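Overview (structure and organization)
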Amino acid sequence: MELESLITQLDQRQDQVLIETALIELTGQDFLDIGVELGFADVPGVEETGGFGVTGFGLSSLVDSDNDGIVDLRVPNVGQGITAGILDGDNFSLPLLIALVEEKRDSNVLNVPSVLVNNNSVARVRTLDEQPTTQITATGGGVGAGQTQENFAGYEEAGITMEFSPSISASLYLRLDVYLEVSTFIGAVQGAIPPPRVTRTIETQINVPDGSTMVIGGIVIDNLSETRTQVPWLGDIPVLGRLFSRETADRDRTVLYFFVTPHILQDSEFADLAEISFRKKLEAAKEIGLDRIRKIDPGFGVEDESGSSISLEGFDLPLYTAPERGETDGSGVGITPYEASRRLQEDADND
């Protein structure tokens, strides 16, 4: 009898936990670059000695085209935005160069996965973007010496990884182990060089009432970097100082919110799971169409006598009534899950 009782206690169906999550990530980047370069030269002649003066802030390269020891040509380093100026003077081809660029980058990432997991088990959800990389190898001597060969060298991954491990208490609270990793590419693959990547990680253990929503994260990052290169004193003159300086400003903003809502599913006939599945099918039917849902579940939806489909919008199937969420009464605190299940069965038999 003792062995049979022990087997009865161990041979119990594990309750399941439906974990609904929502990951919201807002990122923005603002970049501004304003620079002006000036130049003046009086090239030496037969009867006079000339002079020259230039400002340089990385907008161009100076070249001595006639090898007389004095730079007489400015070659613009054309980048993004606008690069313009006057390059042909009477004696010197670099009077004025202006470069202006402003870049704005905004992204909004919304990820709403749901996962069903047994009590005391682990669930993992991954959504990855894979960028291929290459490896460059040099060939040996002989014909074609010095040539290079580019081969595939695997993938660089970035995306979202979530791990959950729920443990149900007798008082209908959950101890939830949560691991979240969010990584994002901030550039493109260029040959053998992997793209830049930013990774954010949250790992925590929480106690949450059944059916309640908790915010894990709320990471807010706002980085502002300003750089000004200028000619001393001249660059401090209001308005005119722009002619003798280069100014850059770079601002990065990141906001990350992670919402978690666990639901304990412990109905012996799986009615709670059936109701949740029905609601999810209704939501999917609005997004992808009823015909596609019927490819998975041919019996989903109804038809009238004429054979036309009846809209299921707003239709609610009363399969299951959820129990009260949160903590039970004092008599249920501290008892084992088996004892809690036995009491529920006794109450159902008495009714």
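Treat the numbers as computed from the prediction; the structure is a model and nothing was measured.

As a further point, take the overall build of the protein. Secondary structure assignment for the protein yields four helices and 14 strands. Taken across its 351 residues, the protein has 26% of its residues classed as buried. Contacts in the protein between residues at least 24 apart in sequence constitute 61% of all its contacts with a sequence separation of at least 6. By element, 52% of the accessible surface of the protein is carried by carbon and sulfur atoms, the whole surface being about 22,300 Å².

If you check the backbone angles, Asn120 has positive phi at about 65° while not being a glycine. Its place among the elements puts Asn120 in the loop between strand S7 (114-118) and strand S8 (123-138). By relative accessible area, Asn120 is classed as exposed at 51%. One non-glycine residue with positive phi stands out, namely Trp233, at about 70°. Position of Trp233 relative to the elements: it lies in the loop between strand S13 (219-230) and strand S14 (245-265).

Under the counting rule described, the total for this entry stands at two aromatic pairs. Centre to centre, the rings of Phe164 and Phe258 are 6.4 Å apart; their planes meet at 25°, and the pair counts as stacked. Within this pair, whereas Phe164 is found in strand S9 (residues 148-168), its partner Phe258 is found in strand S14, the two being separated by 94 residues in sequence. The burial state of Phe164 is the same as that of Phe258; both residues are buried. With centroids separated by 6.5 Å and ring planes inclined at 25°, the aromatic side chains of Tyr257 and Phe259 adopt a geometry described as stacked. Looking at Tyr257, the relative accessible area reads 34%, which means it is partly exposed. A relative accessible area of 29% means that Phe259 is categorised as partly exposed.

If you look at the biggest cluster of nonpolar residues, it comprises 24 residues, and the most contacted ones within it are Ile19, Leu23, Met162, Phe164, Leu180, Ile216 and Phe258. Going through the elements one at a time, strand S1 (16-41), S7, S9, strand S10 (173-185), strand S11 (197-209) and S14 are the ones with two or more residues in this core. Ranked by residues supplied to this core, first place goes to S10 with five residues. Leu282, Ala285, Ile293 and Phe300 belong to the second-largest nonpolar core, a separate cluster that totals five residues.

What follows is about the pattern of salt bridges. Applying the stated criterion across every chain, the model contains 16 salt bridges. Among the ionic pairs, Lys280 bridges to Glu20, the shortest N-O distance being 3.3 Å. Taken together, the residues span a long stretch of sequence, with Lys280 in helix H2 (residues 271-288) and Glu20 in strand S1 at a distance of 260 residues. In the salt-bridge network here, residues are joined through shared partners; they are Asp30, Glu102, Lys104, Asp106 and Arg253.

Inspection of the secondary structure assignment puts Asn111 in strand S6 (residues 96-111). When neighbours within four sequence positions are excluded, Asn111 is seen to be in contact with Thr21, Ala22, Leu23, Thr127, Ile160 and Met162.

By secondary structure assignment, the location of Thr83 is in strand S5 (residues 82-86). Using a relative accessible area of 27% as the deciding quantity, one classes Thr83 as partly exposed. Once the C-alpha coordinates of Thr83 and Ile98 are considered, the two residues, 15 residues apart in sequence, prove to be 5.8 Å apart. Not counting residues up to four positions away in its chain, the partners in contact with Thr83 are Pro76, Val78, Leu97, Ile98 and Ala99.

Next up on the list: the side chain of Glu25. Looking at the secondary structure, you find Glu25 in strand S1. Once residues lying within four places of it in the same chain are set aside, the contact partners of Glu25 are Ser107, Asn108, Val109, Val182, Thr184, Arg200, Thr254, Val255 and Leu256.

Quick look at H2 now. Helix length check: H2, at 18 residues, gives a terminal C-alpha distance of 25 Å against a target of 26 Å (1.5 Å per residue), a fit within 8%. Among all positions in H2, only Ala271, Asp272, Glu275, Phe278, Leu282 and Ala285 are buried. Seen along its axis, H2 keeps its buried residues to an arc of 155°; they face one direction. Of the surrounding elements, those touching the buried residues of H2 are S14 and helix H3 (290-296).

Analysis parameters
Position labels on residues start from 1 in each chain and follow its written sequence. Confidence filtering applies because this is a predicted model: local features only for residues at pLDDT of at least 70, side-chain atom pairs given and counted only at 80 or more, and all residues used for totals across whole chains, interfaces and linings. As a rule here, side-chain values come from all non-hydrogen atoms in the structure, and water together with hydrogens is ignored. Under the DSSP-based scheme used, a helix requires at least four consecutive residues in state H or I and a strand at least two consecutive residues in state E, with every element numbered from the N terminus. Exposure categories follow from relative accessible area, calculated using a 1.4 Å probe and restricted to protein chains: below 20% of the type maximum is buried, above 50% is exposed, and the middle band is partly exposed. Contact criterion: two residues are considered in contact whenever any of their non-hydrogen atoms come within 4.5 Å of each other. Using the Shrake-Rupley algorithm and a 1.4 Å probe, accessible areas are obtained, with residue cover drawn only from the displayed protein chains. Classification of ring pairs uses Phe, Tyr and Trp, with its six-membered ring standing for Trp, and accepts pairs whose centres are within 6.5 Å; under 30 degrees between planes counts as stacked, over 60 as edge-to-face, and the remaining range as tilted. In this text, buried Ala, Val, Leu, Ile, Met, Phe, Trp, Tyr and Cys residues form a nonpolar core when linked through side-chain atoms within 4.5 Å. Just to be clear on terms, a salt bridge is a Lys or Arg side-chain nitrogen sitting within 4 Å of an Asp or Glu carboxyl oxygen. Here the expected span of a helix is defined as 1.5 Å times the quantity of residues minus one. The directions considered for the arc are those from the helix axis to the C-beta atoms.

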